[in-house]
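Here's the letter readout for the chains.
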Amino acid sequence: MPDTHNRLLGRRTALKLAGGFAAFSVLFPAACTTTEAKDMNGKILVAYFSATGTTARVAKKLAEGLGADLFEIRPEKPYSRQDLDWHDKKSRSSVEMNDPNSRPAIAAQVGNMGQYDTVFVGFPIWWYRSPTIISTFLESYDFSGKMIVPFATSGGSGLGKTESIFRELCPKATVRSGRVLNGNPDKAVLVEWAKSVLR
Ligand SMILES: Cc1cc2nc3c(=O)[nH]c(=O)nc-3n(C[C@H](O)[C@H](O)[C@H](O)COP(=O)(O)O)c2cc1C
């Protein structure tokens, strides 16, 4: 705060105001962006699958930043370390990803998908696309008229064919261009990205 203002307000008042604003910023760091995001796109769900925790971290921060609900797409049968071995052609993930019709079962359903207008769907890139459990998720609900936004983490690959898979499975939804969000981005960066997609 400039010195002239401090003099006009009196040093104590100025300090109180500055302290109050700092406290407000800490308590409500994304208050404005949250309201804006909700106003623009109704109620938002962030749904994610994460085998080793990386996508989960991003999804949680995104949901917090947007003031959105969070849902974990949890496999009925969790993936073991061996299941995830992409060097092994016979591992569960290799077999599933080689079969376009594979639809691994999900342990629980979203309570009331009807209440959401926008659904962010997060996952790790497996073999240059979304894992087939995401196809199970997309086929489990009526997404007509909703907006779907894919996001992912990866070892470096992009989304590949993911968006066309989403569009094929949810022809009545608007599937927006998604993004790979590697490097554990800050909450503010995630919210900025989400706002730019939803605008
Ligand atoms: C079966 C399998 C296949 C993968 N395929 C790719 C790939 O094609 N490209 C890539 O960049 N990373 C690939 N990865 C790495 C993951 O996308 C990356 O580690 C991701 O951040 C893991 O997210 P998670 O911790 O949420 O499961 C693969 C990982 C596994 C287990």
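Everything that follows concerns the structure shown earlier in this document.
Residues numbered from 1 in each chain as written. Predicted model: local features only at pLDDT ≥ 70, side-chain atom pairs only at ≥ 80, totals over all residues.

Chemist: Which parts of the structure should I look at to understand the site of the ligand?
Modeler: For the ligand, the set of nearby residues contains 20 residues, the closest of which are Ser-50, Thr-54, Thr-55, Pro-124 and Gly-155. When residues in the shell around the ligand are grouped by element, the largest group, three residues, is from helix α4 (residues 54–66). For the shell around the ligand, the per-class residue count stands at nine nonpolar, 11 polar and no charged. (Near = placed C-beta within 6 Å. Helix = DSSP H or I, 4+ residues; strand = E, 2+ residues; numbered from the N terminus. Nonpolar A, V, L, I, M, F, W, Y, C, P; charged D, E, K, R; others polar.)

Chemist: When you look at the nonpolar core in this model, what are you seeing that I'm missing?
Modeler: In a soluble, globular protein the nonpolar side chains are often hidden away together inside. Ranked by size, the top nonpolar core spans 40 residues in total, and within it Leu-45, Val-46, Ala-47, Leu-62, Phe-120, Val-121 and Ile-148 carry the most contacts. Elements with a contribution of two residues or more to this core: β1 (44–48), α4, β3 (118–124), α6 (132–139), β4 (147–153), α7 (162–169) and α8 (187–198). Discounting residues that sit within four places of it in the chain, Val-46 has contacts with Ala-59, Leu-62, Ala-63, Ala-68, Leu-70, Phe-120 and Gly-122. (Core = buried A, V, L, I, M, F, W, Y, C linked by C-beta atoms within 7 Å. Buried ≥ 20, exposed ≤ 12 C-beta atoms within 10 Å, placed from the backbone. Contact = placed C-beta atoms within 7 Å.)

Chemist: What should I look at first to understand the environment of Arg-179 in this one?
Modeler: Tracing the backbone shows Arg-179 in strand β6 (residues 179–180). With 28 residues separating them along the chain, Arg-179 and Phe-151 place their C-alpha atoms 4.9 Å apart. If we skip the residues at most four places from it in the chain, Arg-179 touches Phe-151 and Trp-193.

Chemist: Is there a simple way to explain α6 in this structure?
Modeler: Turn by turn, an α-helix covers 3.6 residues, leaving residues three or four places apart pointing in a common direction. The element α6 is extensively covered by neighbouring structure, given that six of its eight residues are classed as buried. Those residues of α6 that sit buried are Thr-132, Ile-133, Ile-134, Ser-135, Phe-137 and Leu-138. Looking at the buried residues of α6, the elements they touch are β1, α5 (92–98), β3 and α7.

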